[in-house]
Structure formats: C-alpha cells, structure tokens
Amino acid sequence: MELRSVGELMGLLYACREAAVPGGGPADGHGRALRTAALLRRTRPADKELQVAGLVTAVGGLLWPGDPEGRAERTADAVRPLLGERVACLVARRAPAHAPADDGLRRLREAEEEGRTAVFDAGVLEDWRTVLELVAARNSRPGAGDRAARGHHLPGA
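A brief structural summary. (Residues numbered from 1 in each chain as written. Predicted model: local features only at pLDDT ≥ 70, side-chain atom pairs only at ≥ 80, totals over all residues. Heavy atoms only, no water.)

### Focus: the overall build of the chain
For the chain, the count of helices and strands is nine helices and zero strands. Along the chain, from the amino end to the carboxyl end, the secondary structure elements read α-α-α-α-α-α-α-α-α. Per-residue burial for the chain yields a buried fraction of 47% across its 157 residues. (Helix = DSSP H or I, 4+ residues; strand = E, 2+ residues; numbered from the N terminus. Buried < 20%, exposed > 50% of the residue type's maximum accessible area, 1.4 Å probe, protein only.)

### Comments concerning the pattern of salt bridges
In this structure the tally under the stated criterion is 13 salt bridges. Here Arg-93 and Glu-112 are joined by a salt bridge, their closest N and O atoms 2.5 Å apart. Placement of the pair is Arg-93 in the loop between helix H6 (85-91) and helix H7 (104-117) and Glu-112 in helix H7, with a sequence separation of 19 residues. Between Arg-116 and Glu-113 there is a salt bridge, with the nearest N and O atoms lying 3.5 Å from each other. Of this pair, Arg-116 and Glu-113 both sit in helix H7, three residues apart, roughly one helical turn. By sharing partners, the salt bridges in this structure join Arg-44, Asp-47, Glu-49, Arg-86, Asp-103, Arg-106, Arg-107 and Glu-110 into a single network. (Salt bridge = Lys/Arg side-chain N within 4 Å of Asp/Glu carboxyl O.)

Here it is in structure tokens:
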C-alpha cells in the first residue's frame, strides 16, 4: 500500500481514533500519536519531518494489526512516496542514510515513550494537516529525494 495524498493519510489517522485493540477497549494510537508529535514540536519546532514521523507511526497498527514485527517497515514503505525518505527512515526506526549526526531517531523514541504516559492537551489532528501538506509538497518537488539523501532538514515554517 502507498499513501498518495494528505487526505488519504488524514483519513487513516482519523480511523486510528476509532480502532479497537484485540480483546476490547479503545486503542489510544490516535492520542499517543498526537502527544508524540506535540512533544516533538515543543523540543524540535523547526524539524517538521520529525514531527510528522511521530504522528504517522500510528497508522501501522491500523493497517497491519497482525504484523507487529514488520509493521514499522511496512508503514515506512506506505508513507515514503508521500512524505519522503527521511520520514520513512524514522518511521522504520533506522537512521536516515548519510545523516549519522541526526539525533532525530533518538528524539522520536524518547517522545514516543513520553507520549505513552504524558497527560496534556495535544490538540486535534486537524491542526497537523498543514504540516503534513508542507512536508508532502516539499517531498514532491524535483530534487527532494536528493536533498533527503544528504540528510537536510526542512526549515521552520
């Protein structure tokens, strides 16, 4: 599966809110994703790709609920065409190529862990549409793949 539009991705993110874990009870993938992205926004406000990676990891549990081992890599493959190589690498839990000094992966893991237990108002999903559109638009520009391969980050918006 490939996500081809921000609208399609937003639909999946909204569906995470409705998902249920096997055995009953609502899954909090939606809330955790919002908290993770909000924490990343606070600590790395200019790094939109990192924030988006924290937000979109939630769709893996919805798309591949029976594949916890391969979920991160499959989710990365799904978001790569829309959001770019760096976001995909972060979602897959591996350091982006040619960016050994990138501490984004470490920060993403910390924010995800904190997002599991933190209690604060992380806003609503619709607040992230513009950021998703920005990352998707920059990824679709000619040369975007070359820029991602060199490990450059998006400037603050």
